[in-house]
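Each chain, letter by letter, is given below.
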Amino acid sequence: MSPASTGASTVVGAARTVPAVDATDSRMTPGGPGYRRMSLALFLAGVATFALLYSTQALLPLISGEFGVAASEASWTVAAATGGLALFVLPMSALSERFGRRTVMTASLAVAVAVGLLVPFAPSLGALVVLRALQGAALAGLPASAQAYLAEEVRPRALVTAIGLFVAGNSVGGMSGRVITGWVAQEWGWRVAVGVVGVIAVLCAVAFRLLLPAPRHFRPGSLRPRVLAGTVRDHLADPLLRRLYAIGALFMTVFGGVYTVIGYRLTEAPFSLPQGIVGSIFLVYLVGTVSASTAGRLVGRLGRRGALYLAGATTAAGLLLSLLDSVAPVLLGLVLITAGFFAGHAVASSAVSKTAAHGRAQASALYQSAYYIGSSAGSTVGAIAFHAQGWPGTVGVGLLAVLGVVTITVLGSRAARAAARRGPVAA
């Protein structure tokens, strides 16, 4: 597929070439040795990561009630976790370059689940926010390392599908965590609910470590700050990577804002739904599981730019539909928002892994950092907009973010056409 058809830049310092298929390539491929174990292991890691990271999101109305705070204050229990991840994902990715992807992912999950078992005992909102920030920082070692592991251990043609399965695990984790916490909290309160999520994450972490095949293509890198800074500088100098980072952040701004506030909207008039039913609304995450896992086929048919346009349009349609004051259109709106978000995220994140010629963990870490900064921004700004203007305010924030995605993709298309007119750069 030509750069012009995908929106890819043809020049990043040195020319990129697409490697030919090699029958002697020992990297994993669907149906090959270790691929199923690897897929299941990273799927479970994704489940644990999103279940822990967003364990308080469906419980915000109950947290607000216990501590006597508004939505904008309670939302910090979500923003602190995603912000901690955003701040620490780059340093943790550097550790994975030196000590290995599997080692860092295992340590990250172990610390995160340990903190998760302490969260139910937080004596105040401030303590809860601190614990959530620590939990997010611990989880920072997993997303970028997982994508780097896949880029090194899976053949390029299977990479979008493999990353899509990891992202699908994210959606299942986000869904199951919210649904379980909703029903458990209705009976026993939010503290027991987040404790149950912690226990589930422990089981996922153990299974992940037992299943994940040992890396065969990892080569240790340097921990020297100058080398790391140079790698980061190279990635940030790449216009395609910059666009992908911005797209990931903007998609997550929509998603973070919508799912942080939706619980408040549905528990208030005119809906006045009980906590268990509100938690069950997150079953729409199953749509994200499907859209993320099929992202590879979507790119194959429409190209990367076409897939991003479709994801943005789907998300915008869902936002507009959710403005209606009836459960059915709101639910359908959430379905469209979720499908569009997870498809866009899978497309953008896999493009980062394919684009980076070196320092893949840092390239993925920068994407994850932008992505979770978007989540923190969406959670906070979406809650502030809801407090000021109600649900239409949150929708307005989301539509502005989608407009940003479309604008960046258009600029990428123009850059690709200009590069195609100049012709390929000699190797």
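Computed from a predicted model, the values in this text were never measured in an experiment.

Enquirer: Would you mind going over the overall build of the protein with me for this structure?
Expert: Check the secondary structure of the protein and you find 18 helices and two strands. Against the globule reference of 22 Å for 427 residues, the protein gives a C-alpha radius of gyration of 21 Å, in line with a compact fold. Along the three orthogonal principal directions, the C-alpha set of the protein runs to about 65 × 40 × 40 Å. Of all 427 residues assigned to the protein, the portion counted as buried reaches 59%. In the protein, the share of contacts with a sequence separation of at least 24, taken over all contacts with a separation of at least 6, comes to 85%. Here the protein displays about 16400 Å² of accessible surface, and carbon together with sulfur accounts for 68% of that area. In the protein, 31 side chains carry a positive charge and 12 a negative one; their mean positions are 11 Å apart.

Enquirer: What exactly am I supposed to notice about the packing of helix 12 (residues 239-267) against helix 16 (residues 327-355) here?
Expert: The packing of two helices is summarised by the inter-axis angle and the distance between the axes. At a minimum axis separation of 9 Å, helix 12 and helix 16 run at an interaxial angle of 155°. The orientation of helix 12 with respect to helix 16, classified from their angle, is roughly antiparallel. As for the relative orientation of helix 12 and helix 16, their crossing is left-handed in sense.

Enquirer: How do you make sense of the packing of aromatic side chains when you look at a structure like this?
Expert: For any pair of aromatic rings, geometry is given as the distance between the ring centres together with the angle between the planes. Across all of its chains, the model carries ten aromatic pairs by this definition. Relative to Phe342, the ring of Phe255 lies with its centre 5.4 Å away and its plane at 75°, an arrangement referred to as edge-to-face. Of the two residues, Phe255 sits in helix 12 while Phe342 sits in helix 16, which places them 87 residues apart along the sequence. Clustering of aromatic rings is evident, with ring pairs tying together Phe255, Tyr259, Phe341, Phe342, Tyr367, Tyr371 and Tyr372.

Enquirer: Where do I start with the side chain of Glu152 in this structure?
Expert: Tracing the chain through its elements places Glu152 in helix 8 (residues 143-153). One polar contact links Glu152 to Arg101, side chain to side chain, over a distance of 2.3 Å. In contact with Glu152, not counting residues within four places along its chain, are Arg27, Arg101, His217, Phe218 and Arg360.

Enquirer: In this structure, what is going on with the nonpolar core? I would like to understand it.
Expert: Inside soluble globular proteins, nonpolar side chains tend to come together where they are buried. Ranked by size, the top nonpolar core spans 128 residues in total, and within it Met38, Leu42, Leu150, Tyr259 and Tyr372 carry the most contacts. For this core, the element with the highest residue contribution is helix 12, accounting for 16 residues.

Enquirer: Sorry, what's going on with the side chain of Ser349 here?
Expert: On the secondary structure map, Ser349 appears in helix 16. Once you skip the residues sitting within four places of it in the chain, Ser349 turns out to touch Gln147, Ile163, Val167 and Tyr367.

Enquirer: I tried to follow the packing of helix 9 (residues 159-188) against helix 16 on my own but got confused; where do I start?
Expert: Put simply, helix 9 and helix 16 touch, their axes get as near as 9 Å, and they point 135° apart. By the angle class used here, helix 9 and helix 16 are oblique. In the packing of helix 9 onto helix 16, the handedness of the crossing is right-handed. Residues Leu159, Val160, Ile163, Val167, Asn170 and Ser171 of helix 9 touch helix 16, and the partners they reach there are Phe342, His345, Ala346, Ser349, Ser350, Ser353 and Lys354.

Enquirer: Would you mind showing me how to read the pattern of salt bridges here?
Expert: When their charged atoms lie close together, side chains carrying opposite charge are able to pair. Summed over all chains, the structure comprises three salt bridges. Note that Arg191 and Glu66 form a salt bridge whose closest N and O atoms lie 2.7 Å from each other. Note that Arg191 is positioned in helix 10 (residues 190-211) and Glu66 in helix 3 (residues 60-67), a separation of 125 residues in sequence. Judged by its relative accessible area of 24%, Arg191 is partly exposed.

Enquirer: Is there a simple way to think about unusual backbone geometry in this case?
Expert: With glycine set apart, most residues show a phi of negative sign, and most peptide bonds adopt trans. In this structure, the amide linkage connecting Ala269 to the following residue, Pro270, adopts the cis form with an omega of 10°. The residue Ser272 is not glycine, and still its phi comes out positive at about 50°. Following the sequence through the fold, Ser272 ends up in the loop between helix 12 and helix 13 (275-280).

Enquirer: Mind showing me how you'd approach helix 3 here?
Expert: What sets the pattern is the α-helix's 3.6 residues per turn: residues three or four places apart point alike. Buried residues of helix 3: Leu60, Pro61, Ile63 and Ser64, and no others. Each buried residue of helix 3 sits inside an arc of 165° when the element is viewed along its axis, so together they form one side. Once helix 3 finishes, Gly68 follows within two positions and takes phi at roughly 65°, a positive value.

Parameters at a glance
- Residues numbered from 1 in each chain as written.
- Predicted model: local features only at pLDDT ≥ 70, side-chain atom pairs only at ≥ 80, totals over all residues.
- Heavy atoms only, no water.
- Helix = DSSP H or I, 4+ residues; strand = E, 2+ residues; numbered from the N terminus.
- Rg over C-alpha atoms; globule rule 2.2 N^0.38 Å.
- Buried < 20%, exposed > 50% of the residue type's maximum accessible area, 1.4 Å probe, protein only.
- Contact = heavy atoms within 4.5 Å.
- Areas by Shrake-Rupley, 256 points an atom, 1.4 Å probe, with all protein chains shown as cover.
- Lys, Arg positive; Asp, Glu negative; His and termini not counted.
- Charge placed at Lys NZ, Arg CZ, Asp CG, Glu CD.
- Axes fitted to C-alpha atoms, helices over the stretch in contact; angles between N-to-C directions.
- Parallel < 35°, antiparallel > 145°, perpendicular 65-115°, else oblique.
- Left-handed = near helix turned anticlockwise from the far one by under 90°.
- Phe/Tyr/Trp six-rings, centres within 6.5 Å; stacked < 30°, edge-to-face > 60°.
- Polar contact = N/O pair within 3.5 Å; in protein donor to acceptor, adjacent residues only side chain to side chain.
- Core = buried A, V, L, I, M, F, W, Y, C linked by side-chain atoms within 4.5 Å.
- Salt bridge = Lys/Arg side-chain N within 4 Å of Asp/Glu carboxyl O.
- Arc of directions from axis to C-beta.

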